[in-house]
Amino acid sequence: MKRACGVLLHITSLPSPYGIGTLGKAAEAFVDTLRDCGQTFWQVLPLNPVGYGNSPYQSYSAFAGEPLLIDLDDLVANGLLTKAKCDAADYGADPTFVDFEKVVKTKMPLLKEAFAAFTSSSTGGALDVAYLAFCKEESAWLDDYALFMALKEQNGGVSWIDWGDARLRNRDGAALNEAFGNLTEQINFWKFTQFFFYRQWSQLRRYANKNGVKLVGDIPIYASFDSADVWTNRRLFQLDGAGNPTKVAGVPPDYFSETGQLWGNPLYDWGAMKSDGYTWWIKRVRKSAELYDTVRIDHFRAFDTYYAIPYGEKTAVKGEWLNGPGMDLFNTIRDAKIGDNSGEYPFIIAEDLGELFDSVKVLLRDTGFPGMKILQFGFNGDNADNEHLPHNYNNNMVVYTGTHDNSTINGYLKSAVRATNAMAKSYAAPNWFEKIHMACIRSLYASSAGLVVIPMQDIIGLDDKARMNIPGKVLPSNWVWRMQRGEFKPSMAKQLRRLATTYFR
């Protein structure tokens, strides 16, 4: 892998006057910043519609984009909204975090107003032609997603398993046709949001690539139970006759949690998926290849063996390890010629963190995908062989100070025991003008790892008030952090560029 470096910052965390980061000018300005700092990668979290707990890993669709990320200024430029109305709306008073409840209540009505204007002004122009072409090209997932969202809205937002009409829960053909006829306007609204999301994202990707920046996406390992994916493909998941999960996903008790993590996602029926050639996964990875230059697959170890917890359990204590699809799935993806792992940079990055059996390491080796290493995990003892310490890295790795699921590096060291702090300072060895978080970043840049990706919170040097997520818990502080204008200072940009130049990244 060619030596390179990048930054992890989710779109929602970008500055914006509209309560949440969007795919507009601030995103393009961030690309400019990355380019000027010598960065060649921008990693984001999943862009799918957020679900339970505002988590992008609990999405209503594995194929759709989050409507809240749509840039309102673009809708204004297309004559679908007025700037005065967008500016006057209330998106929340505190610009340091996303008030999802407030943003949803304010922005979704604006999007519906824009849709009404789009419908009433439709004259067969270029925008209309592009919209119709998009709906046709994406119909394989878009029709079901739009119907799912329209039905969910009609049923007060409850999960599909609780919809009043059993015929719709069970996807009776006649009932679906009736719903398509009765909810035409609502269905078209959700298609409209996807058209503008994809249009804006494609424009941002072109801009990034033109400026030498590659976009790294994220594929969550599991689908949310309350999603168009599960509702549409029940036979591909471990569900009972009524549609309820029989076993759900999570991770067992470990050093971080004595009761483990109960995620609650339904598990795949890998036998059923294998029988149809892993079609759903092929479509999912192919869609990711259309959106991103590189993609991180979350919780890679579950493709080897996955942890299954009986449905209804309150914790993850009573689970068992079951076999996943292994190389059979990745050979199928390779045969489908999706992405390219033979160039300077890989298409797939494997998130191989957590408790790993030897068989997981064999699977990673057989795929050839680069794995991940986390510097924080290296400062946990006097072990020279700790694979998370930079002197043990090799080129086929993507390394981080931490991910969205970790403390910031300053937050980690602030709460760590004295011995951990002493080891971090001794190992990173900050010089007289260097703060510890920058010394940690420097140690990664100097390593032999192919790609270094640093969360923006760590570059700025923030503590755990800026932590993105505490995994396994639904908290109001999860997923809401936002970077402020001017928070990433010119001196920080200069330091980042110096590191990129010094260490040939």
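This text goes with the structure placed above it.
Below or above, wherever it landed, is the structure these notes cover. Owing to the predicted nature of the structure, the values given are computational and were not obtained by experimental measurement.

Rules and cut-offs
- Residues numbered from 1 in each chain as written.
- Predicted model: local features only at pLDDT ≥ 70, side-chain atom pairs only at ≥ 80, totals over all residues.
- Heavy atoms only, no water.
- Helix = DSSP H or I, 4+ residues; strand = E, 2+ residues; numbered from the N terminus.
- Rg over C-alpha atoms; globule rule 2.2 N^0.38 Å.
- Buried < 20%, exposed > 50% of the residue type's maximum accessible area, 1.4 Å probe, protein only.
- Contact = heavy atoms within 4.5 Å.
- Areas by Shrake-Rupley, 256 points an atom, 1.4 Å probe, with all protein chains shown as cover.
- Lys, Arg positive; Asp, Glu negative; His and termini not counted.
- Charge placed at Lys NZ, Arg CZ, Asp CG, Glu CD.
- Pairing = 2+ DSSP bridges.
- Axes fitted to C-alpha atoms, helices over the stretch in contact; angles between N-to-C directions.
- Parallel < 35°, antiparallel > 145°, perpendicular 65-115°, else oblique.
- Left-handed = near helix turned anticlockwise from the far one by under 90°.
- Nonpolar A, V, L, I, M, F, W, Y, C, P; charged D, E, K, R; others polar.

## Quick notes on the overall build of the chain
(1) Moving on: Of the regular secondary structure elements, the chain holds 19 helices and 12 strands.
(2) Moving on: For a compact globule of 505 residues, the expected C-alpha radius of gyration is about 23 Å, and the chain comes in at 23 Å, within 12% of that figure.
(3) Moving on: Principal axes of the C-alpha set define a box for the chain whose edges measure 70 × 55 × 40 Å.
(4) Moving on: The 505 residues of the chain split such that 56% are buried.
(5) Moving on: Within the chain, counting contacts between residues at least 6 apart in sequence, those at least 24 apart form 73% of the total.
(6) Moving on: Split by element, the accessible area of the chain, about 21,100 Å² in all, is 52% carbon and sulfur.
(7) Moving on: Charge-centre separation for the chain: the mean point of 53 positive side chains lies 5 Å from the mean point of 56 negative side chains.

## Focus: the sheet that holds strand β11 (residues 397-400)
(1) Moving on: Pairing is parallel in the open sheet, where 8 strands are placed in the order β9-β6-β3-β2-β1-β12-β11-β10. Two strands bound the open sheet, and with one partner strand each, they are β9 (348-350) and β10 (371-374). When strand polarity is set aside, the average angle formed by the axes of neighbouring strands in this sheet is 25°.
(2) Moving on: Relative to strand β3 (residues 214-219), strand β2 (residues 41-43) is paired through 3 bridges, and the arrangement is parallel. When the bridges of β3 are listed, Trp42 appears paired with Leu215.

## So, helix α17 (residues 436-445)
(1) Moving on: Counting buried positions along α17 gives 10 out of 10 residues, so the element sits mostly inside the fold.
(2) Moving on: Residues Ile436, His437, Met438, Ala439, Cys440, Ile441, Arg442, Ser443, Leu444 and Tyr445 constitute the buried set of α17.

## Remarks on unusual backbone geometry
(1) Moving on: Not every positive phi belongs to a glycine, and Asn54 is a case in point at roughly 60°.
(2) Moving on: By the secondary structure assignment, Asn54 is in the loop between β2 and α2 (72-77).
(3) Moving on: Judged by relative accessible area, which is 30%, Asn54 ranks as partly exposed.
(4) Moving on: The backbone of Lys337 shows a phi angle near 55°, a positive value even though the residue is not glycine.
(5) Moving on: With respect to the helices and strands, the residue Lys337 is situated in the loop between α13 (327-335) and β9.

## So, the packing of α17 against helix α19 (residues 490-502)
(1) Moving on: Two numbers describe how α17 lies on α19: the axes approach to 10 Å, and their chain directions differ by 25°. Relative to α19, the element α17 lies roughly parallel. You can see that α17 and α19 cross each other, and the crossing is right-handed. Counting all contacts with α17, which are made through Met438, Ile441, Arg442 and Tyr445, the residues of α19 involved are Gln495, Leu496, Leu499 and Ala500.
(2) Moving on: Residue classes in the contact of α17 with α19 are distributed as 6 nonpolar, 1 polar and 1 charged.

## Concerning the packing of helix α5 (residues 126-137) against helix α6 (residues 139-154)
(1) Moving on: At their nearest, the axes of α5 and α6 sit 6 Å apart, and the two run at 95° to each other. Looking at the two axes, α5 sits roughly perpendicular to α6. Contact with α5, carried on its side by Phe134, Cys135, Lys136 and Glu137, involves Ser139, Trp141 and Leu142 of α6 and no other residues of that element.
(2) Moving on: Looking at the contact of α5 with α6 residue by residue, the classes come out as 4 nonpolar, 1 polar and 2 charged.

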